[in-house]
Every structure is written in structure tokens, then in C-alpha cells.
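Coordinate analysis (summary)
One-letter residues, chain by chain:
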Amino acid sequence: MNEQLSLYSAHFQLTGRCNLACRFCGQRKGMLASSGSDELCTADWIRCADELKCAAKRSGHRPEIMLWGGEPLIYPEFDLLTKTLAGQVFSLGIVTNGTLLEQHADVVCECLDRIFVSIDGGRVDHDAMRGTGVYDRAAAGLSAIRKRRGKLVLLCTVSDLNVDRMAELPDSLLELNPDEIVFQPLIYLSKREIADYRNFSKEVFQCDYPELSAWQREEDLDFQHRLSTGLKKLAGKDYPVPVRFTPHCHPLEKDTARCQLPLHHVHIRHDGAVGFCTDYFGFSAGNVREASLAAIFGSSRANLFRQAQAAGRLSICRHCPWCRQQFGSEIPADIPYHFDFKSIINNQTENQKCRCLIG
């Protein structure tokens, strides 16, 4: 690899367990099974954090850790681990469904710089997607962290259930006092894309990923039209906080513009396996139970993944909105954090025209 590698960012996927069963979630469909017995202990996570801190110091960056799941607040020693990390130099954040925030409110308010909570609209919309009573539990948790010092970002998944009300959703979310609202479409891949990735993975990475079928969904012209309509309505309204939309693919992305995360970031699974992707777990460059984080990050297997990604061989990358949500303080110039609504609308319209012609 000719590009400069500098490790300073990590997702700590503390657990694969979750207290919800959201209807669209790939983890619910078997992508990330965990009994709890295979989870790294707190000492393991602290060791990984120490190694990340050393790597970041060499690169001149502030180290960044995002606590993830499953539902990270389920992790038995969440409070202890978070307090330990917060007492050091890390920029620290969490992605959570919010339903357990009340039990951890003091730690969340005092220790976290960024708090990402999944809320898909008001009570009716959110409960339809995530289960009866979930909205009220999450709202109670958000009320408990009103005195937070960190930035609160609400992540709103756009699906068939709420796409027709996109422009109204921010109004219903404002009562939760967010600092920002981010819309993102469902993660999905076509049957062909899944087959392409699995074949490539078996041939090049010598591993399979049958669980990827949990994300299968074919292109839906009706949904794309509804999404385009919703985006037009969003573009015509003003809100008191930033409201953004992070699409899968976009025409402003050139072939040379790609996700930069493999150059400075790792995703450490609950069982110690190390990869680069948040939602796709089939590939592992190594395990922190067997090797140091630095050794795994700079390994030939890690570089094999980077080369495949740089060559555009990974179909999963075409459906990932996460690379536009760089959780750290520095966002690569060639990966915009979000795109303007006008460009997105034009893209949606052109996609519909092309699909109709092809059909």
C-alpha cells in the first residue's frame, strides 16, 4: 500500500446482544449472534484502548473511540469502561437505541463527547419499526441526559414505514432536544451484489459471509420515488437544528473518492475480531486476543482488504452511508459529511428515469 496508514480511530463493539428486535435490523436476522460468553472483558478493551492511544500519538491525532453494539449499554461493565476511557485523552462516543440511558445517565452526561441515538420519528413511527413502547423508553432516557456535555445526534432510519412523512419527522424529533438530526436509508444489497461479494470473499479473503443475505432487498422504484418526494419536502423547510441526509451512492462521488476508514480506523467486534466495516462482519484481519492492534492494522491481510476496497471490488461499499458520518474530529476532504438536498433530489430523479428506461 502506498497510502499513509495512521491508526487513531476505533469502534468498540462491546456486545452483539440487543434488548430490541427492530424489524429491519440485520443483526436481528443472524448477522451478529452473541451469547455474552464470547465477549471481550473490560481489561481487553482497556488494553486495546492503550494500543490505540499509542498509535494515535505516533500519527499526531487525538484517539477516537465509538462504543457500539448490539446495544452497548447492555455490556455488564459499561460504566466502569466508559469512566476509565473518559479519564484519558480519547474523544469518546456511543451509538445506542436509547432505551437504557436512564440507568447510565450520569456516565453518559459526564463522559461522552458524542451521543448517537436511533429514533425513527414520533411514537407511532418509531414503535412501528422498533417495537411497542420503545419510543417512550428512549424519550425517557433522552430526558435523563438533558444536562449532557456531549453532542446529541438522532439517527433516523428511512424505511417504507416513515418515508412519506420525512419532512414532518424533524418536527416530532425536536421535542427530544437534539443538536442534529441525520436521516439515512435502509442498508440493503441486491441478490446479485450479495453473491458477488460472497464469491469475491471466498476467492480472495478465503472466508464466506452467508449472513449477508439478511440485508437482501431489490431496488424498489416506488420507494425511490417516495424518497425523492420526501427529500424535496425536506429541502423546502427550515429547522432550528441541522438536518442531514446520508445516501448510499451519489453522483458527486468520483471513482477516486472512497471511504478512508481503512487507512486510520478499525472496528473491533465483541469477540475480538478486527475489521474495518461497522455493518459487514464477514472479513477479519486478525483477533486482538492473538495479536496486537498495531500488528493487525498493518498486516498483509489488512492491506489485502484495503487493496480490494481501493479497486472497487467490494459491492457492500456501494450501500454504506456510514463513511459520510466520520465520528471523529477530522473528515477527509474527498468524503463529504453530507450532500446538499438539491443534488440528492436530482440524483434520485435521474436514477428513476434510468431504471424506467432499463425496465
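Before reading further, recall that the structure is shown in the block above.
Before going into details, it helps to say that this report is about the structure given with it. Because the structure is predicted, anything quoted here is derived from the model rather than measured.

Details of the environment of D44
Mapped onto the secondary structure, D44 falls in helix α1 (residues 42–59). Spatially, the C-alpha atom of D44 lies 8.0 Å from that of R289, the residues being 245 residues apart in sequence.

Here we look at the pattern of salt bridges
Per the counting criterion, the structure on display carries 16 salt bridges. The residue R130 makes a salt bridge to D120 at a minimum N-O spacing of 2.5 Å. Within this pair, whereas R130 is found in helix α4 (residues 123–130), its partner D120 is found in the loop between β4 (114–118) and α4, the two being separated by ten residues in sequence. R244 serves as the salt-bridge partner of E180, at 2.6 Å between the closest nitrogen and oxygen. On the criterion of sequence distance, the pair formed by E180 in strand β6 (residues 180–185) and R244 in strand β7 (residues 243–245) is long-range, its members being 64 residues apart. Looking at E180, the relative accessible area reads 2%, which means it is buried. Linked by salt bridges that have partners in common, D44, R47 and E51 make up one network.

Some remarks on the nonpolar core
Soluble, globular proteins show a tendency: their nonpolar side chains are buried together. By size, the foremost hydrophobic cluster in this structure holds 84 residues, and its most contacted members are F12, F183 and I268. If we ignore the near neighbours within four places in the chain, the residues touching F183 are C156, V158, M166, L169, P170, L234, V243, R244, F245 and T246.

A look at the packing of helix α7 (residues 191–205) against helix α11 (residues 300–310)
The description of two helices packed together rests on the angle between their axes and the distance between the axes. Between α7 and α11, whose axes approach to 12 Å, the crossing angle comes to 140°. Judged on the interaxial angle alone, α11 and α7 are oblique. Handedness of the crossing formed by α7 with α11: right-handed. Residue-level contacts link F200, V204 and F205 of α7 to R301, L304, F305 and A308 of α11. Here the residues of the contact of α7 with α11 sort into six nonpolar, no polar and one charged.

Re the packing of aromatic side chains
Applying the stated rule across the entire model yields six aromatic pairs. Centroid distance F205 to F305: 5.9 Å. Interplanar angle 25°. Geometry classified as stacked. On the criterion of sequence distance, the pair formed by F205 in helix α7 and F305 in helix α11 is long-range, its members being 100 residues apart. F305 matches F205 in its accessibility class, with the two residues each being buried.

Notes on helix α5 (residues 134–144)
Restricting attention to buried positions, one finds in α5 the residues V134, Y135, A138, A139, G141 and L142. Buried residues in α5, looked at end-on, bunch into an arc of 160°, giving them a common side. The elements touched by buried residues of α5 are β4, α4, β5 (151–158) and α6 (169–173).

Comments concerning the pairing of strand β3 (residues 91–96)
A large share of β3 lies buried, amounting to six of its six residues. The side-chain alternation of β3 yields two buried faces, one formed by S91, G93 and V95 and the other by L92, I94 and T96. Pairing between β3 and β4: four bridges, direction parallel. By the bridge assignment for β4, T96 is matched with V117.

Reading the values: rules and limits
Residue numbering note: each chain is counted from 1, following its sequence as written. Reporting of local features is limited, given that this is a predicted model, to residues whose pLDDT is at least 70; pairs of side-chain atoms are given and counted only at 80 or more, and all residues count toward the totals for whole chains, interfaces and linings. Hydrogens and waters are ignored; side-chain quantities use all the structure's heavy atoms. A run of DSSP states H or I qualifies as a helix once it reaches four residues; a run of E qualifies as a strand once it reaches two. Both are numbered from the N-terminal end. Each reported salt bridge corresponds to a side-chain nitrogen of Lys or Arg within 4 Å of a carboxyl oxygen of Asp or Glu. Think of it in three bands: residues with accessible area under 20% of the maximum for their type are buried, residues over 50% are exposed, and the middle band is partly exposed, with areas taken using a 1.4 Å probe on protein chains only. Here, nonpolar core means buried Ala, Val, Leu, Ile, Met, Phe, Trp, Tyr and Cys residues that are tied together by side-chain atoms lying within 4.5 Å of each other. Note on definitions: a residue-residue contact is assigned when non-hydrogen atoms from the two residues lie within 4.5 Å. Under this scheme, a helix contributes an axis fitted over its contacting stretch, all axes are lines through C-alpha atoms, and angles between N-to-C directions fall in the 0 to 180 degree range. Each angle gets one of four labels, with under 35 degrees taken as roughly parallel, over 145 as roughly antiparallel, 65 to 115 as roughly perpendicular, and the rest as oblique. Left-handed describes a crossing whose near helix is turned anticlockwise from the far helix through less than a right angle; right-handed describes the clockwise counterpart. Residue polarity is assigned by list, with Asp, Glu, Lys and Arg as charged and Ala, Val, Leu, Ile, Met, Phe, Trp, Tyr, Cys and Pro as nonpolar; anything else, Gly included, falls into the polar class. Aromatic pairs are defined between Phe, Tyr and Trp rings, using the six-membered ring for Trp, whenever the two ring centres lie within 6.5 Å; interplanar angles under 30 degrees are classed as stacked, those over 60 as edge-to-face, and all others as tilted. Of all possible arcs, the one meant is that of the directions from the helix axis to the C-beta atoms. When DSSP locates at least two bridges between a pair of strands, those strands are taken to pair.

Read these as spatial facts, not as claims about activity.
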